[in-house]
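Listed below are the residues making up each chain.
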Amino acid sequence: SSRLMWVRLAALVFTCVAFSVAAHGGYVSGGMGDWSIFCWAFSFAGTLLVLVVELMGLQSRTPVSWTNFPITFACYASLLCLSASIIFPLYFLKGHTGQSETRDHRIASTVFSCLATVAYFVEVSLTRAQPGEVAGYMATVPGLLKVCETFVASVIFVFVSDPVSYDRHPGLKWCMAVYCICFIISAGIVVMCVGECTGCLPFPFARFLSAYALLAVAMYLSATIIWPIFQFDSRYSNSSSRPASCQYYHGLCPWDKLVAVAVLTALNFLIYLADLAYSARLVFVTA
């Protein structure tokens, strides 16, 4: 539709401006700067690809399911731009006082990143399946939840690996195993749906989704309980309270990252719980 095309064009312009301004005069560097630039550039390139395929009518020639790919990409792009909208000002505007051209460039990148986030969320809302509508799995609520599950797990991986914070106790290693196992399976489901490979499974896909969601809920529930105990309980850790040195860190200090992992673990538990509710309803309603 024309409305969807204009939303995609807006997202294309916003992401282009965000990474162009940051790269030109923002003087960003380091891992977080590279991550922000990647989020905007990746979203721009993917949106440009979607627009070209749609405008030239090449949907039937693509090697992926075009009923699933655009909304899957838009959902990932919205989460990427959202993360950049939070991380970029946290690392490159926080504590940056005074008026300067560099600061103005960074503010502009942040503003356009927020606008791109809104544009992608609008695209997802326009293309997701409505009640009673026949659509691809990734356009349904469980499909979109799979994208959120994999993205949250990816952010958790970033926080637990710098510095490594899961090797001090077997309980923390179990939490890491939960993150990895659930991420791999959820990512595999997304790939199978986009690649139209779900029919290759030797068992009903809907029942597999419901069984996996139940397993993931149980595993993430254990991680939601275990991670805070072994990271913040004084009996098992020396980081029960925020160190005074954290105020001197540029961005997030190691203790802040531990708290972020605890919050993201609980968030992913709630996402998997919602996924279980929708998947169970899908199985029992269609059975």
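Residues numbered from 1 in each chain as written. Predicted model: local features only at pLDDT ≥ 70, side-chain atom pairs only at ≥ 80, totals over all residues. Heavy atoms only, no water.

1. Details of the nonpolar core
Residues Tyr179, Tyr220 and Trp227 are the most contacted members of the largest nonpolar core, which totals 73 residues. Elements represented by at least two residues in this core include exactly helix H1 (2-25), helix H2 (30-56), helix H3 (69-92), helix H4 (101-127), helix H5 (141-161), helix H6 (170-194), helix H7 (205-232) and helix H8 (254-286). No other element matches the 13 residues that H3 contributes to this core. Once residues lying within four places of it in the same chain are set aside, the contact partners of Tyr179 are Ala153, Ile156, Phe157, Tyr220, Ala223, Trp227, Val261 and Thr265. (Core = buried A, V, L, I, M, F, W, Y, C linked by side-chain atoms within 4.5 Å. Buried < 20%, exposed > 50% of the residue type's maximum accessible area, 1.4 Å probe, protein only. Helix = DSSP H or I, 4+ residues; strand = E, 2+ residues; numbered from the N terminus. Contact = heavy atoms within 4.5 Å.)

2. Considering the layout of surface pockets
Considering only enclosed or pocket space, the largest pocket measures out at about 560 Å³ in volume. What lines the largest pocket is a set of 21 residues, and nearest its centre among them are Ser83, Ile87, Val155, Phe159 and Leu264. Secondary structure elements with two or more residues in the lining of the largest pocket: H2, H3, H5 and H8. In terms of residue count, H3 provides more of the lining of the largest pocket than any other element does, seven residues in total. Here the residues of the lining of the largest pocket are counted per class, giving 18 nonpolar, two polar and one charged. (1 Å grid on protein atoms, 1.4 Å probe; cavity = no way out; pocket = protein on both sides within 12 Å on 5 of 7 lines; lining within 4 Å. Points joined across faces, edges and corners; volume = space filled by probe spheres on them. Nonpolar A, V, L, I, M, F, W, Y, C, P; charged D, E, K, R; others polar.)

3. Remarks on the environment of Pro70
The residue Pro70 is located in helix H3 in this model. If sequence neighbours within four positions are ignored, Pro70 has contacts with Arg8, Val50, Glu54 and Glu123.

4. Quick word on the state of the cysteines
This model, assessed by the stated rule, comprises one disulfide. Disulfide pairing is shown between Cys246 and Cys253; the S-S distance is 2.1 Å. In this structure, the disulfide formed by Cys246 and Cys253 twists by about 80° around the S-S bond and is classed as right-handed. The structure places no disulfide on Cys193, whose sulfur is separated from the nearest cysteine sulfur, that of Cys197, by 9.4 Å. A relative accessible area of 5% places Cys193 in the buried class. (Disulfide = S-S within 2.5 Å.)

5. Examining the packing of aromatic side chains
For the structure shown, the criterion picks out 18 aromatic pairs. Geometrically, the ring pair formed by Phe14 and Phe112 is tilted, given 6.1 Å between the ring centres and 50° between the ring planes. With Phe14 in helix H1 and Phe112 in helix H4, this residue pair connects regions lying 98 residues apart in the sequence. Given the relative accessible area of 25%, Phe112 is considered partly exposed. Centre to centre, the rings of Tyr179 and Tyr220 are 5.9 Å apart; their planes meet at 45°, and the pair counts as tilted. Of this pair, Tyr179 sits in helix H6 while Tyr220 sits in helix H7, and the two are 41 residues apart along the sequence. (Phe/Tyr/Trp six-rings, centres within 6.5 Å; stacked < 30°, edge-to-face > 60°.)

6. Regarding the side chain of Thr265
With respect to the secondary-structure elements, Thr265 resides in helix H8. At a separation of 2.7 Å, a polar atom in the side chain of Thr265 contacts the main-chain carbonyl oxygen of Val261. The contacts of Thr265, once residues within four sequence positions are left out, are Ile156, Tyr179, Tyr220, Ala223 and Thr224. (Polar contact = N/O pair within 3.5 Å; in protein donor to acceptor, adjacent residues only side chain to side chain.)

7. A few points about the environment of Met176
Structurally, Met176 can be placed in helix H6. Assessed through its relative accessible area of 15%, Met176 is described here as buried. When near neighbours in sequence (up to four residues on either side) are disregarded, Met176 contacts Phe157, Val160 and Tyr166.

8. Examining the pattern of salt bridges
Tallied over the full model, the rule gives six salt bridges. Note that Arg8 is salt-bridged to Glu54, the shortest N-O span being 3.7 Å. Residue Arg8 is found in helix H1, and its partner Glu54 is found in helix H2; the two are separated by 46 residues along the sequence. Across the salt bridge formed by Arg242 and Asp256, the nearest N and O atoms sit 2.9 Å from each other. One end of the pair, Arg242, is in the loop between H7 and H8; the other, Asp256, is in helix H8, with 14 residues separating them in the sequence. On the accessibility criterion, Asp256 (16% relative accessible area) is buried. (Salt bridge = Lys/Arg side-chain N within 4 Å of Asp/Glu carboxyl O.)

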